[in-house]
Amino acid sequence: MLPATLCGRLTLNTLKSFHKRTCYSCLSSLSNCYFYKERGTRHGLHSVSSSFCSQSVIHPSVRLCRTENYGRRWFSLSAPTIVNSAPACVQPYLRLMRLDKPIGTWLLYLPCTWSIALAAEPGCLPDLGMLALFGMGALLMRGAGCTINDMWDKDFDKKVVRTATRPIASGEVSQMQALVFLGGQLSLAFGILLCLNYYSIALGAASLSLVITYPLMKRITYWPQFVLGLTFNWGALLGWSAVKGTCDWSVCLPLYFSGVMWTLIYDTIYAHQDKEDDVKIGVKSTALRFQEQTKPWLSGFVVAMMSGLVVAGVNAEQTLPYYAVLSAMALHLAHQIYTLDINKPEDCWKKFVSNRNLGLLLFLGDSLSKHHQRGHRQEQPEKQEVPKGLPQHLESKYPSMDTAGTHRAQEDYQHEDGSEQDHAVDAHCDKRQDASSNRNKQQF
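The present account deals with the structure reproduced in this document. None of the values given here were measured: they were computed from a predicted structure. (Residues numbered from 1 in each chain as written. Predicted model: local features only at pLDDT ≥ 70, side-chain atom pairs only at ≥ 80, totals over all residues. Heavy atoms only, no water.)

1. Here's the deal with the side chain of Asp153
On the secondary structure map, Asp153 appears in the loop between helix H7 (128–152) and helix H8 (154–157). We classify Asp153 as buried; its relative accessible area is 3%. Here the side chain of Asp153 touches Lys218 through a polar contact of 2.9 Å, side chain to side chain. If we skip the residues at most four places from it in the chain, Asp153 touches Pro215, Lys218 and Arg219. (Helix = DSSP H or I, 4+ residues; strand = E, 2+ residues; numbered from the N terminus. Buried < 20%, exposed > 50% of the residue type's maximum accessible area, 1.4 Å probe, protein only. Polar contact = N/O pair within 3.5 Å; in protein donor to acceptor, adjacent residues only side chain to side chain. Contact = heavy atoms within 4.5 Å.)

2. Some words on the packing of helix H6 (residues 103–119) against helix H15 (residues 249–271)
In contact at an axis separation of 11 Å, H6 and H15 are set at 155° when each is read in the N-to-C sense. Classified by the interaxial angle, the pair formed by H6 and H15 is roughly antiparallel. Here H6 runs over H15; the crossing is right-handed. Touching Leu107, Leu110, Pro111, Trp114, Ser115 and Leu118 of H6 are Val251, Leu255, Gly259, Trp262 and Tyr266, all from H15. Of the residues belonging to the contact of H6 with H15, the class tally is nine nonpolar, two polar and no charged. (Axes fitted to C-alpha atoms, helices over the stretch in contact; angles between N-to-C directions. Parallel < 35°, antiparallel > 145°, perpendicular 65-115°, else oblique. Left-handed = near helix turned anticlockwise from the far one by under 90°. Nonpolar A, V, L, I, M, F, W, Y, C, P; charged D, E, K, R; others polar.)

3. Overview of the nonpolar core
Core analysis: the biggest nonpolar cluster contains 68 residues, and Phe134, Trp262, Met305, Leu309 and Met329 have the highest contact counts within it. For this core, the element with the most residues is H15, which contributes 12 residues. Setting aside anything within four residues of it in sequence, one finds Met329 in contact with Met305, Met306, Leu309, Leu358, Leu361 and Leu362. Counting residues in hydrophobic clusters, the runner-up holds nine residues, among them Val83, Leu94, Leu96 and Ala178. (Core = buried A, V, L, I, M, F, W, Y, C linked by side-chain atoms within 4.5 Å.)

4. As for helix H11 (residues 198–205)
Every buried residue of H11 is accounted for by Ser200, Ile201, Leu203 and Gly204. For H11, the secondary structure elements touched by its buried residues are helix H10 (175–193), helix H12 (208–220) and helix H14 (235–244).

5. Details of the side chain of Asp277
Residue placement: Asp277 occurs in helix H16 (residues 275–281). The buried charged residue Asp277 lacks any salt bridge partner; its closest oppositely charged side chain belongs to Lys280, at an N-O distance of 4.5 Å. Setting aside residues no more than four positions away along its own chain, Asp277 makes contact with Val160 and Val161. (Lys, Arg positive; Asp, Glu negative; His and termini not counted. Salt bridge = Lys/Arg side-chain N within 4 Å of Asp/Glu carboxyl O.)

6. Topic: helix H20 (residues 345–353)
Among the residues of H20, those classed as buried are Asp347, Cys348, Lys351 and Phe352. Projected down its long axis, H20 carries its buried residues within an arc of 140°, all on one side. Facing away from the buried side of H20 by over 90 degrees, the exposed positions are Glu346 and Lys350. (Arc of directions from axis to C-beta.)

7. Digging into the pattern of salt bridges
Evaluated as defined, the whole model comprises nine salt bridges. We note a salt bridge from Asp274 to Arg162, for which the minimum N-O separation is 2.2 Å. Highlighted residues: Asp274 in the loop between H15 and H16 and Arg162 in the loop between H8 and helix H9 (167–170), separated in sequence by 112 residues.

8. Digging into the environment of Leu326
Of note, Leu326 is situated in helix H19 (residues 320–338). Its relative accessible area of 5% is what places Leu326 among the buried residues. With 17 residues separating them in the primary sequence, Leu326 and Leu309 have C-alpha atoms 7.9 Å apart. Discounting residues that sit within four places of it in the chain, Leu326 has contacts with Met306, Leu309, Val310 and Leu362.

9. Notes on the state of the cysteines
The full count for this structure, using the stated rule, is zero disulfides. This cysteine, Cys247, is not joined by any disulfide, and Cys252 carries the nearest cysteine sulfur, 4.2 Å off. (Disulfide = S-S within 2.5 Å.)

10. Let's talk about unusual backbone geometry
Positioned with a positive phi, Arg98 is a non-glycine residue whose angle comes to about 60°. Judged by relative accessible area, which is 9%, Arg98 ranks as buried.

11. Some points on the packing of H7 against H12
Contact geometry for H7 and H12: axes closest at 9 Å, N-to-C directions at 40°. Relative to H12, H7 is oriented oblique. The chirality of how H7 crosses H12 is right-handed. Between H7 and H12, the contacting residues are Met141, Gly145, Ile148, Asn149 and Trp152 on the first element and Val211, Ile212, Tyr214, Pro215, Leu216, Lys218 and Arg219 on the second.

12. Observations concerning a nonpolar patch on the surface
Side chains of Trp152, Leu208 and Ile212 sit close together on the surface and give an oily, nonpolar patch of about 260 Å² of accessible area. Turning to its location among the elements, Ile212 is positioned in helix H12. (Patch = residues over 30% accessible without salt bridge, like charges linked within 9 Å, V, L, I, M, F, W, Y side chains within 5 Å. Areas by Shrake-Rupley, 256 points an atom, 1.4 Å probe, with all protein chains shown as cover.)

13. Comments concerning the packing of aromatic side chains
Two aromatic rings are characterised by how far apart their centres lie and by the angle between their planes. Within the structure shown, the criterion is met by 15 aromatic pairs. Seen in terms of ring centroids, Trp223 and Phe290 are 5.4 Å apart; in terms of plane orientation they differ by 75°. Their pairing is edge-to-face. Linking Trp223 in the loop between H12 and helix H13 (224–232) with Phe290 in helix H17 (residues 286–290), this pair joins segments that are 67 residues apart in sequence. With a relative accessible area of 27%, Trp223 lands in the partly exposed category. Owing to a relative accessible area of 3%, Phe290 belongs among the buried residues under this scheme. When the ring of Trp297 is compared with that of Phe301, the centres are 6.1 Å apart and the planes differ by 45°; the resulting orientation is tilted. (Phe/Tyr/Trp six-rings, centres within 6.5 Å; stacked < 30°, edge-to-face > 60°.)

Below you can see the structure in the form of structure tokens.
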């Protein structure tokens, strides 16, 4: 009995060190569930961890899992773990930029990767340095956007259960502190932007107006998700210009349009989590605009999204892997919408988060298709123009005019041209001989 008590105390102290604000009784009951009951069987945390976590007893950074190794626990490294291992004075700022919830950073970053992959040279993979640069930029700009959003929505956040604990709404960070922090994030992001070409610097700076004004849209229109789409998918334009030096609008605009449609899909699903609170505080969203007609609207957005991606792929000369991935994406989105329950917040969150995998799938398709383009182009014979001045009968003799045919045509042309010159020289010599003989006859 004594070893079990000691082990229980050790478990309790370990859990207490991870979250000092957790009550003693909850942690005690949680730690005791690892140890033998009267029958001598070991009871894991799997059956109780979900209920404890849902009540915020255990901080999300701690991932406890049932194992077969005599009840030992492992702690997985996750974004919340990183935030909660930081110094206490830094944690509110990390949560202000949503570092503990990386899904938003992924959704901002992925359109950049699509564009960078499409802009890669045929037979090449996307530029890893450019991908890393845009990754850091996405992290900072998403943090800046969340900071601006929380500064605008401080009073609204206090009235919503899900957002009441945000640092500004809870008072952990003041408005002035948030403003200084925002300036730091934007300065670092601008430093990253300066690593790009001048065209991309101007294009990236143009998106700042959208970043600032988006939080206000939920007060004005039922379509704030559309403005969010314009903001979050700016990387579809910026990624291409960073690689190529300018935008090819025949590719970038359809890709950007598809990204906006994608944002309308996943953020409408996300907005259904808070629709009851939004009605109470007077905030607008597409979830309130569509209500029970959400699925037909989302289906229309899917059709528009896939159409834009097809147009972008055709203009970028994408190959089979790209279109195979588009088929898989269409199936995923169809299943996502068909199984969606807009009245269950947990299901809405699950569908929302699954869009990260959807974006990664498209990036994979872009990359494989670009790599496949080299082999596809090598199979086609190199075409060359017919040499200027080639006689008409030789053009018809070599209709395909591949490389070898062009050389043969040139040789034949040179041979004929040489023969004609020889005949001209012989005729000229004959004329000179006739003229000299005539002069000799006149003298005699």
